[in-house]
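Per-entry structural report
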Amino acid sequence: MAWLARPLSEVHLQASWILATMRFFRLIFALGFLVIAGMPALAASSSADAAHLHVQLVVPYPVMVTGGPGDAGIYFKLEPGWHVYWKNAGDSGEPPRVRWTLPEGITAGEIQFPAPKRLPLGPLMDFGYEDEVLFPLTLSLDKAVKTGDAVLHAKVDWLVCREVCIPGKAELESKISIVDHMLKDAPPPGPDVEIYKRLLNRLPEPLPSSAKAVFSATADGFRLALTTGQSENSAQFFPSEQNILSNPAPQTVAPTKTGLVLDLKKDPNMTAVPARLSGVVELSNGRAYELVAVPGAVAANAPVTTAADIGKFAGLAFLGGMILNLLPCVFPVLFIKGLSLVQASGEEKHKLLRHGLVYTAGIVASFWALVAALLGLRAAGATLGWGFQFQSPVFVALMAGLLFFLGLSLAGQFEIGLTLTSAGGSLAQKQGYAGSFFTGVLAVIVATPCTAPFMGAAVGFALAQSGVVTFAIFTALALGLAAPYLLLTIQPAWTRLLPRPGAWMEVLKQAVAVPLFAFVIYQVWVLAQMRGAAGVTALLAMFLILAIAGWILGRWPARRFSSIAAGLVIAGAVVVCVYGVNSLAGPVPVAAGGGQADAAGGSHWEPWSQAAVDKYRAQGRPVFVDFTASWCLSCQVNERVALRTDAVDSAFKKGNVALLKADWTSHDDAISQVLTSLRRSGVPAYALYASNSTGDQPVLLPEVLTPGIVIDALSKLPAATSASAIKP
Amino acid sequence: MVPDAYSRRFVTARALRCLALAALLVTTVACFGQEEHPTLALGSQAPSFSLPGIDGKMHSLDEYKAAKVLVIVFTCDHCPTAQLYEPRLKKLVEDYKGKGVDFVMIQPNDPDAIRLDELGYTDVSDSLEDMKIRATYRHFDFPYLYDGATQETSRAYGPKATPHVFIFDAERKLRFEGRIDDSQRESLVKRQDTRNAIDALLAGMPVAVAHTGVFGCSTKWKSKTASRLEYLAKVEAEPVTVEEASGDALKKLRANSTGKMLLINFWATWCGPCVVEFPDLETTYRMFRNRDFDMVTVSTNMPDEKAGVIKFLQKHHASSRNLIFGSTDTYALQAAFDPKWESGVPYTVLLGVDGKVLYQQVGDLDVLALRRAILANLPDPDYLGHRTYWASR
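Figured I'd write up the structure that's included with this text. (Residues numbered from 1 in each chain as written. Chains lettered and ligands numbered in written order. Predicted model: local features only at pLDDT ≥ 70, side-chain atom pairs only at ≥ 80, totals over all residues. Heavy atoms only, no water.)

Quick notes on the state of the cysteines
Residue and element names in this part refer to chain B. As enumerated under the stated definition, the model contains 3 disulfides over all chains in all. A disulfide bridge connects Cys 79 with Cys 217, and the sulfur atoms are separated by 2.0 Å. Residues Cys 79 and Cys 217 are joined by a disulfide whose S-S torsion is about 85 degrees; by sign, that bridge is right-handed. Of this pair, Cys 79 sits in the loop between strand 3 (69-74) and helix 2 (80-95) while Cys 217 sits in strand 9 (residues 217-218), and the two are 138 residues apart along the sequence. An identical accessibility class is assigned to Cys 79 and Cys 217; each is buried. The disulfide bridge from Cys 271 ends at Cys 274, spanning 2.1 Å between sulfur atoms. Looking along the S-S bond of the Cys 271-Cys 274 disulfide, the torsion reads about 85 degrees, which is the right-handed sense. (Disulfide = S-S within 2.5 Å. Helix = DSSP H or I, 4+ residues; strand = E, 2+ residues; numbered from the N terminus. Buried < 20%, exposed > 50% of the residue type's maximum accessible area, 1.4 Å probe, protein only.)

Okay, here's the thing in structure tokens:
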């Protein structure tokens with residue numbers, strides 16, 4: 001502390017000298033700082049402040065391994081109200097760009113764009129980001145990259161706008177160190193890792209494989225249907241390409257059971273409907289997906305169900321169920337049941353009633369089982385309609401075999417208990433309640449392909465509703481089917497109206513065999529459509545083997561060994577059938593199916609495709625689509641009674657109507673989808689599309705056609721069906 | 001079978017009827033062929049009206065029945081004469097406050113019937129929204145009603161030009177119809193016709209001069225809409241060109257040796273605010289181009305983006321002089337024009353004849369402020385006093 005002892009004046013001099021020196025150095029320092037600040041190109045900084053934003057080169061893990069990937073990103077922090085743009089900026093704007101100068105062996109991928117926001121600007125709409133955004137990218141390092149320190153150099157250009165647009169640029173650098181192997185499990189994080197981790201999840205994800213995106217063109221734009229598996233109530237779609245959508249137009253969202261449908265308006269400058277609609281869709285809860293939508297049928301929105309609606313359709317379903325009893329595929333069973341009733345009319349009231357209730361229970365239970373299976377399959381994404389069983393050739397063949405066998409019994413070849421009315425197998429042999437139950441089940445199985453009139457709409461409606469509503473509707477259907485028999489059991493008095501047992505029963509029984517065999521012949525025809533002559537041969541071979549089994553049962557009735565032998569033979573028949581139908585006979589091309597019916601002069605029916613529908617409508621022609629299947633009796637009847645008559649033919653010709661046949665005999669996804677969109681679950685269905693595309697929804701004709709109905713519908717077509725082009 | 005005499009009379013009657021019909025037809029056509037809206041004759045009852053005002057409410061004749069004297073002035077926004085009378089009208093209203101005189105200003109023009117080149121002396125046109133803007137800007141303290149929708153009231157009163165005064169006595173009989181005073185230029189006024197008439201009526205005396213001629217802008221009746229559309233079509237058919245501009249060209253632009261007032265707007269196709277304001281700019285150009293005024297748009301797009309620039313200009317029928325930056329060195333070209341310009345677009349600058357900056361704006365354009373700056377600085381040989389009026393508030 002010797003210096004403290006010095007005189008004050010000396011201290012003063014020394015102090016002022018020190019001060020002067022300090023001032024001098026401060027000046028030098030300040031000048032130097034100014035010089036450095038004035039040379040931004042030499043500033044090796046990973047971030048920069050520019051007009052209205054701060055931009056930064058983000059490297060979350062600055063230690064990278066040779067041969068591996070590296071993470072980096074460009075981060076913008078924007079002043080309030082200012083924005084930068086998405087890869088498709090919208091009506092105005094430019095996305096940011098990066099140009100790299102990298103050490104040898106390192107390449108940079110393209111910057112990835114997080115899910116954008118809509119930025120309205122007067123009459124325009126832009127897509128971009130406000131507040132802050134990170135554009136991540138991946139670097140790839142070669143195996144041969146030199147280890148040690150390296151510098152990543154990025155030249156970033158951007159456009160930032162609010163009420164004025166200012167193009168900006170910055171040169172950013174960041175140091176990394178390259179090693180040949182990582183010392184610890186995870187790379188050590190750098191200071192940027194917080195930004196990176198926080199904003200990385202803003203990137204849109206690819207659409208999960210369980211989800212689907214389909215779009216269809218409408219008069220003034222597109223409808224995009226997104227299926228995610230759950231009902232969605234909010235979405236925004238950002239197109240990847242310009243000049244497809246009108247960016248400022250609002251996008252209306254219609255939730256559906258498994259997703260949603262977005263109504264998009266097209267850009268007035270759009271020249272041609274795109275083959276794909278790609279972009280990003282943002283859903284609620286911050287989910288964003290990249291998707292590429294393919295053209296396809298978009299299901300119409302499910303309407304709001306009121307109790308009145310459900311009641312109405314349940315009523316229709318009940319009626320439909322009752323009518324099903326009259327159809328030739330069902331009434332043999334009913335007759336058989338009726339016969340057993342007649343025979344049992346001497347029993348007490350309550351037992352009859354109970355049988356009736358069990359029969360009803362059997363019907364209702366099998367309906368429920370079918371519906372449950374259908375809902376399950378529908379949830380799994382497969383579009384199946386009512387009658388799907390009859391799309392399987394093996395099922396058709398087996399059903400034909402069963403009914404043939406039953407017919408043989410009715411015809412008298414051998415006796416099976418009159419209570420044996422259920423499908424082949426020991427279950428059916430049960431007397432009493434079990435027998436009644438399985439009679440009900442048989443009734444359902446056989447009734448399925450006959451989508452009765454009035455029932456079509458109910459079924460289509462129900463399938464588009466929730467599970468609860470579907471079950472309600474189908475229960476009504478089941479009850480309708482069971483009602484006639486149940487009535488008989490409830491009102492034993494009416495059994496007195498039934499004829500007394502007698503010899504006529506035998507005659508009746510044999511007579512019932514006739515429609516049964518007729519139905520078998522029909523099934524043979526259906527199989528012929530599906531599997532051709534080879535399939536029919538396999539089927540007939542099965543019939544022969546079944547006849548043998550029947551003979552066994554008839555030759556040695558009521559013996560155990562004969563039952564076993566017959567059972568084995570039947571099993572053999574089934575094997576022959578399945579093998580023959582599946583392996584020996586190949587599928588018949590759909591186009592040929594139904595061709596025979598057209599051979600006899602008249603209108604020319606083309607195979608259906610959505611493209612054909614659009615093509616003819618664009619040509620100014622109305623389009624009539626006949627959704628049919630070989631195994632659908634109502635369809636065949638309608639075709640012959642209504643569609644192929646001269647009067648209707650000439651009406652078609654006069655209206656220049658294009659005729660398309662959608663053959664659903666074998667499983668067809670596209671047709672299934674269209675049927676769903678028309679709120680029908682099965683065939684028959686008839687759709688009449690007007691020519692100019694004022695709306696997508698065609699006129700649906702009833703399931704029971706008469707020539708009058710068809711001609712009437714054609715006459716109601718809008719007048720502007722001359723060759724007018726689709727409105728742009 | 002019909003008797004001859006009968007048939008002859010029948011025929012004659014029919015012929016006469018046809019002739020009468022034809023005559024009626026011809027007369028009717030003749031009547032509607034010309035736009036005859038006769039001015040209300042002196043002594044007539046005031047036709048009733050119910051019109052929307054700038055306060056958003058409807059106003060009818062009955063509202064003013066308490067006034068001893070009702071003065072209805074047909075005036076408008078766009079006419080320079082009417083504008084020059086605005087201060088005098090305001091003074092009239094103020095001077096006669098509390099004296100039992102009510103003033104109602106009615107705007108008779110249909111804005112769709114005003115051609116763009118008739119808007120060279122105004123910042124706004126004659127729609128109700130425009131009237132509100134003018135009333136706010138000039139602090140109108142009187143009812144200002146809009147009749148441009150049907151022009152029913154105006155057809156009943158028959159104003160020949162704006163401004164045109166109609167003064168009614170307590171019984172609402174027309175006692176004076178004509179001008180406010182005898183000169184557009186306030187300094188040359190010798191006779192205050194309107195004031196004289198009001199004073200006479202208030203004193204219960206006969207009005208000495210009950211009728212005068214009017215001068216101003218003719219009433220823009222609906223029938224003139226066709227003429228506006230025709231003019232617009234002609235303007236939109238004018239050729240659209242773009243030339244590349246070098247740094248030197250931009251320096252010359254800045255110096256403004258055109259001898260006219262020059263409006264320059266820098267824009268780009270990727271700039272949203274530029275795109276949104278562009279139509280207003282073109283309209284401004286079309287409004288003032290018949291005076292000593294010109295406009296140049298300069299696109300800061302790169303030269304290889306010229307096709308997009310041309311497409312945009314054609315879409316907007318931009319027949320003004322259009323330039324595009326001639327090189328990719330955007331910053332250098334911006335600095336050549338204005339070293340202080342911090343490279344944001346849109347950048348709008350209004351240059352006087354001497355190159356002086358009269359108005360400048362980076363970002364969203366305030367069209368009204370721009371137009372007022374133009375009006376405050378354009379030479380006004382045809383309406384002396386107009387420029388001064390607009391230079392003041």
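Next, the rest of the story.
Quick word on the nonpolar core
Residues and elements named next belong to chain A. With 58 residues, the main nonpolar core has Phe 543, Val 625, Phe 627 and Val 683 as its most contacted residues. Elements represented by at least two residues in this core include exactly helix 6 (393-411), helix 12 (503-555), helix 13 (560-584), helix 15 (610-618), strand 22 (623-628), strand 23 (658-663), helix 18 (669-677) and strand 24 (685-689). Element by element, the count of residues in this core is highest for helix 12, at 17 residues. With 42 residues, the next largest nonpolar core counts Met 64, Leu 78, Ile 106 and Trp 158 among its residues. (Core = buried A, V, L, I, M, F, W, Y, C linked by side-chain atoms within 4.5 Å.)

Thoughts on the interface of chain B and chain A
Taken together, the contacts link 16 residues of chain B with 15 residues of chain A. Around 1200 Å² of area is buried between chain B and chain A when both sides are counted, 69% of it from carbon and sulfur atoms. Of all residues in chain B, Trp 270, Val 276 and Tyr 331 of chain B give up the largest surface area on contact with chain A, accounting jointly for 45% of the area buried on that side. The interface formed by chain B and chain A contains 0 salt bridges. (Contact = heavy atoms within 4.5 Å. Buried area = accessible area lost by both parts, 1.4 Å probe. Salt bridge = Lys/Arg side-chain N within 4 Å of Asp/Glu carboxyl O.)

Quick look at the pairing of strand 16 (residues 235-239) of chain A
Residues and elements named next belong to chain A. Of all 5 residues that make up strand 16, 4 are buried, and the element is covered over most of its length. Taken together, the 5 bridges between strand 16 and strand 19 (residues 277-283) define a ladder with antiparallel strand orientation. By the bridge assignment, Phe 238 is partnered in strand 19 with Val 280. (Pairing = 2+ DSSP bridges.)

Notes on the pattern of salt bridges
Residues and elements named next belong to chain B. Here the structure, examined in full by the defined rule, presents 30 salt bridges over all chains. Across the salt bridge formed by Arg 179 and Asp 193, the nearest N and O atoms sit 2.6 Å from each other. Of this pair, Arg 179 sits in the loop between strand 8 (174-178) and helix 5 (193-202) while Asp 193 is found in helix 5, placing the two residues 14 residues apart along the sequence. With relative accessibility at 18%, the residue Arg 179 sits in the buried group.

Points about the packing of aromatic side chains
Residue and element names in this part refer to chain A. Considering all chains together, one arrives at 41 aromatic pairs over all chains under this definition. Between Phe 113 and Phe 135, the ring centres sit 5.1 Å apart and the planes meet at 70 degrees, which makes this aromatic pair edge-to-face. Of the two residues, Phe 113 sits in the loop between strand 7 (106-108) and strand 8 (117-121) while Phe 135 sits in strand 10 (residues 132-141), which places them 22 residues apart along the sequence. We classify Phe 135 as buried; its relative accessible area is 0%. Relative to Phe 652, the ring of Phe 624 lies with its centre 5.1 Å away and its plane at 55 degrees, an arrangement referred to as tilted. (Phe/Tyr/Trp six-rings, centres within 6.5 Å; stacked < 30°, edge-to-face > 60°.)

Considering unusual backbone geometry
Geometrically, the link from Thr 162 of chain B to Pro 163 of chain B is a cis peptide bond, its omega value of 0 degrees lying close to zero. Position of Pro 163 of chain B relative to the elements: it lies in the loop between strand 6 (161-162) and strand 7 (164-168). In the segment running from Val 345 of chain B into Pro 346 of chain B, the intervening peptide bond is cis, with an omega of 5 degrees. Positionally, Pro 346 of chain B belongs in the loop between helix 10 (330-337) and strand 14 (347-351). Backbone geometry places Asn 285 of chain A, a non-glycine residue, at a positive phi of 65 degrees. Here Asn 285 of chain A lies in the loop between strand 19 and strand 20 (288-295). A positive phi angle is found at Arg 172 of chain B, which is not glycine, with a value near 65 degrees. By secondary structure assignment, the location of Arg 172 of chain B is in the loop between strand 7 and strand 8.

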